[in-house]
Amino acid sequence: MFLGASAVSWAFLAVSLIGALFTANAFVPVRRIPALFMPSFFGSWLTAELALHHVLWQAIATFVFIDFGALAGFPGWAGLIITLGSWIGLVALFSDGRRARTTFASALSGVDTVRETLRVPRKQVLLPFSKKRHGVTVTRDLVFRRVAGVELRLDVVAPAEPGERRPAILQIHGGSWVMGDKREQGWPLLSHLAANGWVCFNANYRLSPGATFPDHLVDLKAALAWIREHADDWGIDPDFIAVTGGSAGGHLAALMALSANDPEYQPGFEDADTTLQACVPIYGVYDFTSRLGENRLPFWYRRLEQQIMKAFRDEEPEKFRRASPIERIHPGAPPFFVIHGDRDTLAPVEEARYFADELGKVSGAPVHYAELSGAQHAFDLFCSPRTAHMLVAVLKFLDATRAAPPSAAGR
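Keep in mind it's a predicted model, so treat the numbers as computed, not measured. (Residues numbered from 1 in each chain as written. Predicted model: local features only at pLDDT ≥ 70, side-chain atom pairs only at ≥ 80, totals over all residues. Heavy atoms only, no water.)

Caption draft 1: Up close: the overall build of the protein. Regarding its fold elements, the protein presents 14 helices and 9 strands. Viewed in the frame of its principal axes, the protein has a C-alpha envelope of about 80 × 55 × 45 Å. Buried residues in the protein amount to 55% of all 411 residues. In the protein, once contacts between residues fewer than 6 apart in sequence are set aside, the share between residues at least 24 apart is 77%. On the protein, roughly 17,500 Å² of surface is accessible, and the fraction owed to carbon and sulfur atoms is 60%. (Helix = DSSP H or I, 4+ residues; strand = E, 2+ residues; numbered from the N terminus. Buried < 20%, exposed > 50% of the residue type's maximum accessible area, 1.4 Å probe, protein only. Contact = heavy atoms within 4.5 Å. Areas by Shrake-Rupley, 256 points an atom, 1.4 Å probe, with all protein chains shown as cover.)

In structure tokens form, the structure reads like this:
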């Protein structure tokens, strides 16, 4: 051996501590230390959703170190104990993901299952750049708007078999309003819905700092108007279109649902019908006004003012109020299914709880809230057990909402 037993033992202990640090960070991600905030987010996100993958790499490392004599010294045995403890934590994280099924069942209690079975066949999970999967077709890069020298495009994920009067849904990508693309997000959900009869649209919109709010929202309302105009082309029911999105996409989805037919956000197409029949915001942002206090690090508020709103909250509070879904709640809101993780460090879960609670007090339509134990921001980018259960739950909510009489669905 090129290393002595003592060196191997210490090296194993160091690697074990690194693995345990990832596990511990997944349970208690850093929220208030700016320098550690983003590294902690990425570490906790990857560990929580890929817990068994971490068990695998730690197991491989452990066997290699033991084979090289790591247990010949006390540090090696300490490393082994630490690694075993890390594995226990990782299994607990994996179990949290599996228990999402119970969380969703509780959130949707009383919602009738429309289909005989609601399972997620693996062959129906579409990867972002795939052309097709069993029973699903993808049409890419259709131009729905030309504005400010930019052609805005959307993708369509639809059942392979033609049909008529099918329900539709618009997916909005996240990315802090400054980045992201339709090719990157929402594909597990869209492919699952399409495989079960839904026609799904995944749209781009102008991004900041080039765009200033409400440009993002206006673009998406234009996408919704385009979808209704082309309903016959895609065999969809223009009277039932839902919206979903994650993070900034969740914020924009909620705003779309709460600001239907508002001429302020429909310049040049004021007469277009921009009502929505259901909304599923996932780890969304619901407050630009700090109604619940300064619950984020200062850099978030600086980005919001400098790049997205291009205004100061203390000077133009009304702009931030109108951009906040929590400030736009009204009795005529469509049915909502709010989904959020309790360990989300980018979009605090307290906001989602408050939004769902206040909306439920006011709205004449059903409001469901699922708070997922152990889930970080952007959890659904992985086809993890938690994501699989979410696909089933969202389909159940949407199917039941469409099947409900107009009064029960808030229409």
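Caption draft 2: Representation of the confidence of the model for the protein in the model. Summary statistics for the protein give a mean pLDDT of 92 and a share of 92% for residues scoring 70 or more. Considering only residues more than four positions removed or in separate chains, one finds that residues 120-132, a stretch of pLDDT under 50, has 34 contacts. (pLDDT = per-residue confidence, 0-100.)

Caption draft 3: Expanded view of the side chain of Asn 202. Tracing the chain through its elements places Asn 202 in strand 5 (residues 199-203). Within the structure, the side chain of Asn 202 is placed 3.1 Å from the backbone oxygen of Gln 185, a separation counted as a polar contact. Those residues within four positions of Asn 202 in sequence are excluded, and the remaining contacts are Arg 153, Leu 154, Asp 155, Gln 171, Lys 182, Gln 185, Trp 187 and Leu 190. (Polar contact = N/O pair within 3.5 Å; in protein donor to acceptor, adjacent residues only side chain to side chain.)

Caption draft 4: Spotlight on a nonpolar patch on the surface. Together, Met 38, Phe 42, Leu 46 and Phe 299 give the surface a local cluster of nonpolar side chains, amounting to about 320 Å² of exposed area. Looking at the secondary structure, you find Phe 42 in helix 2 (residues 34-49). Judged by its relative accessible area of 40%, Phe 42 is partly exposed. (Patch = residues over 30% accessible without salt bridge, like charges linked within 9 Å, V, L, I, M, F, W, Y side chains within 5 Å. Salt bridge = Lys/Arg side-chain N within 4 Å of Asp/Glu carboxyl O.)

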